[in-house]
Amino acid sequence: MTFAGHCFRCGAALPAAPPAVCGGCGYEQYLNARPTASLIVLDGSGRFLALRRSRPPREGLWETPGGFCDAWEEPADAARREAREELGVDVELGAFVGMYVGDYEFQGERLPVLDCFFLATLPAGAHLRLDPDESSESAWLPLADPPVMAFTTMDRALRDAATLLPSR
């Protein structure tokens, strides 16, 4: 396979896929994982909130609420923002579950991501208002036996989250 990348700074052809040094200007170019923040929203009965994706990639599969961090945005702040955008509520953020390297298909490319997961709960009396551009439905699914999720990092985070909770 031939690599046809170009320098972000001067536009010259790169000699190889990143990491690479541009022969034109000397700029060192890397392909680093993009940070995301996701929530494992729990209901206190051993279930987590899953959303059905309403757009590619992996449209129609279950996922946890979350998304990409904005520039210089802390993952915890991004998780709270994503909850407001995707669920229409302010969640109560809990323990950090972990970080997982995964991938995301965007504009014809497979990009590395660093997915950060937090436990969360909904405030009493909260009513979800899903963003239809993001999700077509929601469901409370068993944390002990989740379905295969849209992204492998979600599968791993759900397994780890289950070990953080006290046995019932």
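> What is the right way to look at the pairing of strand β4 (residues 47–53) in this model?
A regular strand places its side chains on the two faces of the sheet in alternate fashion. In terms of burial, β4 is a largely internal element, 5 of the 7 residues being buried. Where β4 and strand β9 (residues 135–142) come together, 7 bridges link them in antiparallel fashion. Paired with Arg47 across the strands is Pro142, a residue of β9. In this structure, β4 lies alongside strand β5 (residues 62–63), joined through 2 bridges in antiparallel fashion. Each residue of the ladder has a partner; that of Arg52, found in β5, is Trp62.

> When you look at the layout of surface pockets in this model, what are you seeing that I'm missing?
A volume near 450 Å³ is recorded for the largest pocket. Contributing to the lining of the largest pocket are 22 residues, with Arg53, Gly66, Gly67, Phe68 and Tyr104 lying nearest its centre. Mapped by element, the contributors of at least two residues to the lining of the largest pocket are β3 (34–42), β6 (66–68), α1 (75–87), β7 (92–106), β8 (109–121) and α2 (152–164). Of the residues in the lining of the largest pocket, the class split is 7 nonpolar, 5 polar and 10 charged.

> How should the side chain of Asp155 be read in this particular structure?
Looking at where Asp155 falls in the secondary structure, it is placed in helix α2. Nearest to the buried, unbridged Asp155 among oppositely charged side chains is Arg159, at 5.7 Å. Asp155 has contacts with Pro147, Val148 and Met149, leaving out every residue within four places of it along the chain.

> Sorry if this is basic, but what is going on with the packing of aromatic side chains here?
Given two aromatic rings, one states the distance between the centres and the angle between the planes to describe the pair. Enumeration over the complete set of coordinates arrives at 4 aromatic pairs. Within the aromatic cluster, the residues linked to one another by ring pairs are Phe68, Tyr104 and Phe151. Looking at Arg52, its charged tip hangs above the ring of Trp62, at a distance of 4.0 Å from the centre.

> Got a minute to help me understand α1 in this structure?
Since the α-helix turns once every 3.6 residues, residues separated by three or four places project in the same direction. Taking 1.5 Å of rise per residue, the 13 residues of α1 would be expected to cover 18 Å, and the 17 Å separating its terminal C-alpha atoms lies within 8% of that figure. Restricting attention to buried positions, one finds in α1 the residues Ala78, Ala79, Arg81, Glu82, Ala83, Glu86 and Leu87. Those residues of α1 that are buried are in contact with β3, β4, β6, β7 and β8. Phi for Gly88, located one or two positions after α1, is positive at around 75°.

> I tried to follow the pairing of β8 on my own but got confused; where do I start?
Where β3 lies against β8, 9 bridges are found, and the strand directions are parallel. In the sheet register, Ile40 faces β8, and the bridge partner there is Leu119. Relative to β8, β7 runs antiparallel, the two being bridged by 12 bridges. Looking across to β8, one finds that Asp103 is bridged to Pro112. With antiparallel pairing between neighbouring strands as the criterion, β7 and β8 make up a hairpin whose turn holds 2 residues, including Gln107 at a positive phi of roughly 50°.

Criteria and thresholds
Residues numbered from 1 in each chain as written. Predicted model: local features only at pLDDT ≥ 70, side-chain atom pairs only at ≥ 80, totals over all residues. Heavy atoms only, no water. Buried < 20%, exposed > 50% of the residue type's maximum accessible area, 1.4 Å probe, protein only. Helix = DSSP H or I, 4+ residues; strand = E, 2+ residues; numbered from the N terminus. Pairing = 2+ DSSP bridges. 1 Å grid on protein atoms, 1.4 Å probe; cavity = no way out; pocket = protein on both sides within 12 Å on 5 of 7 lines; lining within 4 Å. Points joined across faces, edges and corners; volume = space filled by probe spheres on them. Nonpolar A, V, L, I, M, F, W, Y, C, P; charged D, E, K, R; others polar. Lys, Arg positive; Asp, Glu negative; His and termini not counted. Salt bridge = Lys/Arg side-chain N within 4 Å of Asp/Glu carboxyl O. Contact = heavy atoms within 4.5 Å. Phe/Tyr/Trp six-rings, centres within 6.5 Å; stacked < 30°, edge-to-face > 60°. Lys NZ or Arg CZ within 6 Å of the ring centre and 35° of its normal. Expected span 1.5 Å × (residues − 1).

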